[in-house]
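Residue strings, one per chain:
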Amino acid sequence: MKHTTTSGIEIKELYLSAKPMEEKPGEFPFTRGIQKDMYRGRLWTMRQYAGFSTAEESNKRYHYLLAQGTTGLSVAFDLPTQIGYDSDHEMADGEVGKVGVAIDSLKDMEILFDGIQLKDITTSMTINATASILLAMYIALAKKQGADLKQISGTIQNDILKEYAARGTYIYPPKPSMRLITDIFEFCSQEVPKWNTISISGYHIREAGSNAVQELAFTLANGKTYLKAAIDKGLDINIFAKRLSFFFNCHNNFFEEIAKFRAARRMWSKITKELGATDEKAQMLRFHTQTGGSTLTAQQPLNNVIRVTNQAMAAVLGGTQSLHTNGYDEALSLPTEAAAKIALRTQQIIGFESGVTDTVDPLAGSFFIENLTDEVEAAAWKYIDKIDAMGGSVNAIESDYMQNEIAHAAYEYQKEIEAGKRISVGVNRFTQPEEGITDVFHIDESIRKLQSDKLVYLKSTRDHIAVEKALKLLEEGASGSANLMPLIIDAVEKYATLGEISDVMRKIFGEYR
């Protein structure tokens, strides 16, 4: 019987040799990790993705997670916030606070981080089309807290290309979207130098149905496009590339996932070097990992604890810098506190009890791992070469190439599940009558009214003339070639809302259909 990875790479019955391992961890091309001592020096950041309902409720969850030992916060935003609508907009009806926290203005951001000093934590924000506005709010809040902007650190996802290819929370057409991204690169390199200005995401590409090789290839192709856009803007790759990070998925095929992470570092180092990076830190691929949301099953949900453990271990053995572990109940609802705690404890047990952190790249030299890393890399280069021949990621997306490849992979995988060729425990094998979980997380439908009432109060108490002036300056800047970040920060500080700022840019840039 033929055995293959999820990407269709054939797995031999036995591996008898591999290329000699001459490279060391912390050295180009970084296959074995970006740090010489990896987790012997410091464990990965244990980051739990959270955000729901109002800023007040999410703030309570953040304090809970910090008390449980989380070492970094990760903010989920609701759909209206992601696509530039205030909570009282008709397009927000039914979605306020559902898949993340509703943030309409700087006032909400102040509540979200109440009692949390931004200078003392790192924060990751999963936000793309409105990344410039949410980053502006975070910067404005840091200034209000008296933090040194040169020292605050964190990440915004800010990866719009994968939105067109796999996820759909875009607002503007590709070109003005790319302008906003490179404006953030330029502004942060000067004003907020420790901030990771983009987290190039394979996670959502994988969640949309791609296989591991496609996730790797499409993510790095998008990264290459961002590098070229920044270089075309006149930015120094040796400076801005140090602040680029990646966001990968980790699925169930244990060894393929480890090989994917090792291949990613090696490939990215070659891409950056070819584009002119000479500083080794600009050649390093640093990445956050989240365990696979689409692998979680509503059937026998406690089985997801084992799936998440398997995936988290693969991410650690693959050398991740940051990790989020999913709650076992996330196929049913947002995670309950109990599920979030077990997810965090999973990381802590791996980090402090398993022993896998005691040496760097413990699977290096494995005949299987080294061969599989080479095969994953070779398969990913074929995709990247094809995308390069099309003229890059934007052209590949506009011609639907990436979307069609992802859709085909998703279709083939589902066919294998339905035919029983690929086993999903509890779904197509080892099934049982459903017992169900009664303790699931529910969002109160009154959230939209609460947010709308807050907006009414905000607009009645802010300086209306100052807001209008700030929005007018932003409109003029968007019509020209100015870097928009200072103008967006000014509007945010005047308490212009996310929807108002987004609408100004919609007026100038148009919307992508």
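Residues numbered from 1 in each chain as written. Predicted model: local features only at pLDDT ≥ 70, side-chain atom pairs only at ≥ 80, totals over all residues. Heavy atoms only, no water.

- The name an unreviewed UniProt entry gives the chain is Methylmalonyl-CoA mutase, with Pedobacter psychrotolerans as the organism.

**Concerning the packing of aromatic side chains**
Alright, step 1. Throughout the structure, instances matching the rule amount to 21 aromatic pairs.
Alright, step 2. Aromatic side chains Tyr15 and Phe368 sit 5.1 Å apart centroid to centroid with 35° between the ring planes, which places their arrangement in the tilted category. Here Tyr15, found in the loop between β2 (10–11) and β3 (45–50), pairs with Phe368, found in helix α14 (residues 367–390); they are 353 residues apart in sequence, far enough to count as distant.
Alright, step 3. Aromatic side chains Tyr138 and Trp195 sit 5.1 Å apart centroid to centroid with 55° between the ring planes, which places their arrangement in the tilted category. Of this pair, Tyr138 sits in helix α4 (residues 131–144) while Trp195 sits in strand β7 (residues 195–196), and the two are 57 residues apart along the sequence. Each member of the pair, Tyr138 as well as Trp195, carries the same accessibility label: buried. (Phe/Tyr/Trp six-rings, centres within 6.5 Å; stacked < 30°, edge-to-face > 60°. Helix = DSSP H or I, 4+ residues; strand = E, 2+ residues; numbered from the N terminus. Buried < 20%, exposed > 50% of the residue type's maximum accessible area, 1.4 Å probe, protein only.)

**Quick notes on the nonpolar core**
Alright, step 1. With 135 residues, the main nonpolar core has Phe113, Ile488 and Ile501 as its most contacted residues.
Alright, step 2. With 11 residues, the single largest contributor to this core is α4.
Alright, step 3. Every residue in contact with Ile501, bar those within four places of it in the chain, is listed here: Ile133, Leu471, Leu474, Ile488, Ala491, Val492 and Ala496. (Core = buried A, V, L, I, M, F, W, Y, C linked by side-chain atoms within 4.5 Å. Contact = heavy atoms within 4.5 Å.)

**So, the environment of Gln145**
Alright, step 1. Note on placement: Gln145 falls in the loop between α4 and β6 (153–156).
Alright, step 2. When sequence neighbours within four positions are dropped, the list of residues in contact with Gln145 reads Phe113, Ile116, Gln117 and Leu118.
Alright, step 3. Polar side-chain contacts of Gln145 include one of 2.9 Å to the backbone nitrogen of Leu118. (Polar contact = N/O pair within 3.5 Å; in protein donor to acceptor, adjacent residues only side chain to side chain.)

**Let's talk about the side chain of Gln290**
Alright, step 1. Mapped onto the elements of the fold, Gln290 is located in strand β10 (residues 287–291).
Alright, step 2. We classify Gln290 as buried; its relative accessible area is 8%.
Alright, step 3. In contact with Gln290, not counting residues within four places along its chain, are Tyr49, Tyr203, Phe247, Phe248, Asn249, Cys250, His324 and Asn326.

**Points about unusual backbone geometry**
Of all residues except glycine, most have a negative phi; of all peptide bonds, most are trans.
Alright, step 1. The linkage connecting Phe28 with the following residue, Pro29, adopts the cis geometry, with an omega of 5°.
Alright, step 2. Residues other than glycine seldom take positive phi values, yet Met38 does so here, at roughly 40°.
Alright, step 3. Here Met38 is to be found in the loop between β2 and β3.
Alright, step 4. The phi dihedral of Asn158 falls on the positive side, at around 55°, and the residue is not glycine.
Alright, step 5. Within the fold, Asn158 resides in the loop between β6 and α5 (161–167).

**Side note on the pattern of salt bridges**
Alright, step 1. Evaluation of the coordinates by the stated rule reveals 34 salt bridges.
Alright, step 2. Measuring nitrogen to oxygen at the nearest pair gives 3.0 Å for the salt bridge that ties Arg167 to Glu163. With Arg167 and Glu163 both in helix α5 and four residues apart, the pair spans about one turn of that helix.
Alright, step 3. Between Lys260 and Glu215 there is a salt bridge, with the nearest N and O atoms lying 2.8 Å from each other. Taken together, the positions of Lys260 in helix α10 (residues 254–274) and Glu215 in helix α8 (residues 212–232) put the pair 45 residues apart, joining distant regions of the chain.
Alright, step 4. You can call Lys260 buried: its relative accessible area is 1%.
Alright, step 5. The class of Glu215 is buried, set by a relative accessible area of 0%.
Alright, step 6. A cluster of three or more residues bridged by salt bridges with shared partners is formed by Lys19, Arg266, Lys270, Asp374 and Glu377. (Salt bridge = Lys/Arg side-chain N within 4 Å of Asp/Glu carboxyl O.)

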